[in-house]
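Chains, contacts and geometry: an overview
Listed here are the chains, written in short residue letters.
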Amino acid sequence: MALPELISVEDFFRSPIRSGASISPDGTRIAFLAPWRNRLNVWIEDLDSGAPPRCVTADETRTVLRYLWTDDPRWLLYLQDDGGDENWHVHRVDLDDPAAPAVDLTPFPGTMAVGVEQSAARPGKVTLQLNARDAAELDLHELDIATGELTMLVQNPGGVSAWLYAGDGRLFARTVTADGDIELCRYDAETAGLDPIAKFDGADYVLDVFPFELTPDGSGAWIGANRGTDRTRLARLDLDTGVQTEVDSHPEFDLDIRAQVFPTLPAPLIRHRRTGELLGVRYLGARQVIHALDPHFAEVLAELETLSDGDLAAISSDEEGRRWVVSFTHDRDSGVTWCYDHATGERRLLFRPNPHLDPARMAPMRPVTITARDGLALPSYLTLPVGVEPTGLPLVLIVHGGPWTRDGWGFDKSAQLFANRGYAVLQVNFRGSSGFGKAHMQAGIGELAGAMHNDLIDAVDWAVAQGYADPERVALFGGSYGGYATLVGVTFTPDRFAAAFEYVGISNLASFMRTVPESAKPSLVNNWYRYAGDPADPAQEAELLARSPISRVDRIRTPLMVVQGANDIRVVQAESDNIVDSLRARGVEVDYLVFPDEGHLFVNPENLITMFGAAERFFARHLGGRHDHA
């Protein structure tokens, strides 16, 4: 048996030919992302005329990731930041005038627009939240799409993390108390005060209650609820009484809430394009399950699921629910996109995002469960190289970020690249990961650089005991929290790893928390303060430093590479500079790569190619794998 033909880093990480498709409200066109001057931009194509597609945005600097159709077929909106700084601006495109440039509708320097939403009750308008007045506070605005007029609906009285607008003048606010509990309040316009309706235990929500969406009649909100249960289910919250009523649940899986952290991932609620009624709910275990809550959608779903053996990802339909454009998550052939007509039964393959990557040459991702030393089950994913005996392989342990997010089944370019180079790849949902119940997540409280790290060591020991991995050739690879975990690995257990590659990782927990954006600081009480400690308390700060890699930098002897985005607002460049400077001051060699045009999330293809080209050379040097770059 031999390894398959080497696939270049460029082939893995160049831009897809198309991705992110959705159908227009009238069902006649699709929008999608495709390269223009080596950046993903928005394109429009007629579904029936056969006319060639046309590019409707012109961003030469940074890839566009998010766009939305409006209820007026003339206008399309997209969001863009500046070099990864996450100060999202809302731009409008005139689809009737190809020569008209896009217009920035929120042209306020250093300002972030979040929560951009349309409502059937307010045609031609979107609501959005802006921190233009105060960087730490989000004020609710309504935007007239056609005119660009921006009207403040309510000024944040302080402490409001998010707003809900019923469209009839009623406003609701979500706040976080000093103890971290989350309160839903009714806003009183006369007093500018907040009247509590319901309270949620902050220990159950590391970020916020999610989803939290108004029902079409405005009398309630659909929420992700876990009061009295370990699993997150869907409930309806009465906005008058605060009473919760269960709407739907899965006996084993949580709601799929990954979109709370990664907005480009599918939302947990599938809603009717025109009415906003609830059609279906997504749950996620080792694989996805969708519950259809509407009879018509149940018929549609049964047909859509015949199009691929993957998991349904993006789903959009016209306003009549006749034509559907859907894509699929798949471990070897992700993003395949179809158009389905429920009236005629016609199904048309629209595109494969990466047709140059043969699914037969990709490595399957297999769900496995690993038992930690204290008996906790760790849902994990194992990817083994194609065409070789899976024994005694070099192993790359990929650690996800968050930490309160999760790895899931699907096409992971980094895992595929490393498997193609001959490495076994293991991804572990260690304690503290979300999506596996409250108990699994809360088992991470106080366990940074403790049991959370032990879980990773236990996973390596499992892979060795199963015969997959060579214990002398194990590498760590991770970003954000995964970067922190990588640095913990080489400072707390330096003898276990032959190489370590981290990007945008935290080296000092205390300084990291002090430098997060002002708008994010109120939520720290729910997550970082609860799970790790509050640096404002001297005793807790001392504990944070004890769990920080920067305090043990003298123990690093594992070959290390560090990568950073200069515009990162979540984990600022100083976190990487400090670890690199400390090592170099001791005469320890460390590879360091900084991208001046990236933030926390790297998106521009040439940077991804540079980063992963460096990673494959680095691992080949220290693990003995293959690479195709000089």
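Just so it is clear, the model here is predicted, and its values are computed rather than measured. (Residues numbered from 1 in each chain as written. Predicted model: local features only at pLDDT ≥ 70, side-chain atom pairs only at ≥ 80, totals over all residues. Heavy atoms only, no water.)

1. Some words on the nonpolar core
Core analysis: the biggest nonpolar cluster contains 60 residues, and L426, L448 and W528 have the highest contact counts within it. Setting aside residues no more than four positions away along its own chain, W528 makes contact with G402, P403, W404, L448, Y481, I506, L509, F512, M513 and G533. Listed in part, the 35 residues of the second largest apolar core include F501, F595, A614 and F618. (Core = buried A, V, L, I, M, F, W, Y, C linked by side-chain atoms within 4.5 Å. Buried < 20%, exposed > 50% of the residue type's maximum accessible area, 1.4 Å probe, protein only. Contact = heavy atoms within 4.5 Å.)

2. A closer look at the sheet that holds strand 3 (residues 39–46)
Here four strands make up an open sheet; going across it, the order is 1-2-3-4 and the pairing antiparallel. At either end of the open sheet lies a strand with only one pairing partner, and these are strand 1 (19–23) and strand 4 (54–55). In terms of strand pairing, strand 1 meets strand 2 (residues 29–36) through three bridges, oriented antiparallel. Each residue of the ladder has a partner; that of S19, found in strand 2, is L33. (Pairing = 2+ DSSP bridges. Helix = DSSP H or I, 4+ residues; strand = E, 2+ residues; numbered from the N terminus.)

3. A short note on the packing of aromatic side chains
In the structure shown here, the tally under the stated rule is 24 aromatic pairs. An angle of 10 degrees between the planes, with centres 4.0 Å apart, marks the rings of F13 and F612 as stacked. Residue F13 is located in helix 1 (residues 9–13), and its partner F612 is located in helix 11 (residues 605–623); the two are separated by 599 residues in the primary sequence. There is no split in this pair, since F13 and F612 are both buried. Taking 6.4 Å as the distance between ring centres and 65 degrees as the angle between the ring planes, the aromatic pair formed by F418 and Y423 counts as edge-to-face. Judged by relative accessible area, F418 falls into the buried class, the value being 0%. Owing to a relative accessible area of 0%, Y423 belongs among the buried residues under this scheme. Aromatic ring contacts, followed pair by pair, group F13, F418, Y423, F477, F501, Y503, F595, F602, F612, F618 and F619 into a single cluster. Above the ring of F32, the side-chain terminus of R18 is found at 4.0 Å from the ring centroid. When the ring centre of W88 is taken as origin, the NZ or CZ atom of R66, which lies over that ring, is 4.5 Å away. (Phe/Tyr/Trp six-rings, centres within 6.5 Å; stacked < 30°, edge-to-face > 60°. Lys NZ or Arg CZ within 6 Å of the ring centre and 35° of its normal.)

4. What to know about a nonpolar patch on the surface
Together, F262, L265 and L601 line one region of the surface with nonpolar side chains, adding up to about 220 Å² of accessible area. Here L265 is to be found in the loop between strand 21 (254–255) and strand 22 (269–271). Taking relative accessible area as the criterion, L265 reaches 30% and is therefore assigned partly exposed. (Patch = residues over 30% accessible without salt bridge, like charges linked within 9 Å, V, L, I, M, F, W, Y side chains within 5 Å. Areas by Shrake-Rupley, 256 points an atom, 1.4 Å probe, with all protein chains shown as cover. Salt bridge = Lys/Arg side-chain N within 4 Å of Asp/Glu carboxyl O.)

5. Description of the side chain of T215
Along the chain, the position of T215 falls in the loop between strand 17 (212–214) and strand 18 (220–225). A relative accessible area of 7% means that T215 is categorised as buried. Contacts of T215, omitting those with residues within four sequence positions, involve G220, A221, W222, R236 and R271.

6. Remarks on the layout of surface pockets
If you roll a probe as big as a water molecule over the atoms, it shows you where there is empty space left. A volume near 160 Å³ is recorded for the second largest pocket. Forming the boundary of the second largest pocket are 15 residues, of which R231, E252, P379, F436 and H440 lie nearest the centre. Broken down by secondary-structure element, the contributors of at least two residues to the lining of the second largest pocket are strand 30 (377–383) and helix 4 (438–442). Residues belonging to the lining of the second largest pocket are distributed by class as follows: eight nonpolar, three polar and four charged. (1 Å grid on protein atoms, 1.4 Å probe; cavity = no way out; pocket = protein on both sides within 12 Å on 5 of 7 lines; lining within 4 Å. Points joined across faces, edges and corners; volume = space filled by probe spheres on them. Nonpolar A, V, L, I, M, F, W, Y, C, P; charged D, E, K, R; others polar.)

7. Thoughts on the side chain of T175
Structurally, T175 can be placed in strand 14 (residues 171–176). When its relative accessible area of 9% is taken as the criterion, T175 is described as buried. Those residues in contact with T175 that lie beyond four places of it in its chain are G159, V160, S161, D181, I182, E183, C185 and L194.

8. Focus on a negative patch on the surface
Residues D71, D72, D96 and D97 make up a contiguous surface patch of negative charge. Position of D96 among the secondary structure elements: in the loop between strand 7 (89–94) and strand 8 (103–104). Take D96: its relative accessible area is 55%, and that puts it in the exposed class. (Lys, Arg positive; Asp, Glu negative; His and termini not counted. Charge placed at Lys NZ, Arg CZ, Asp CG, Glu CD.)

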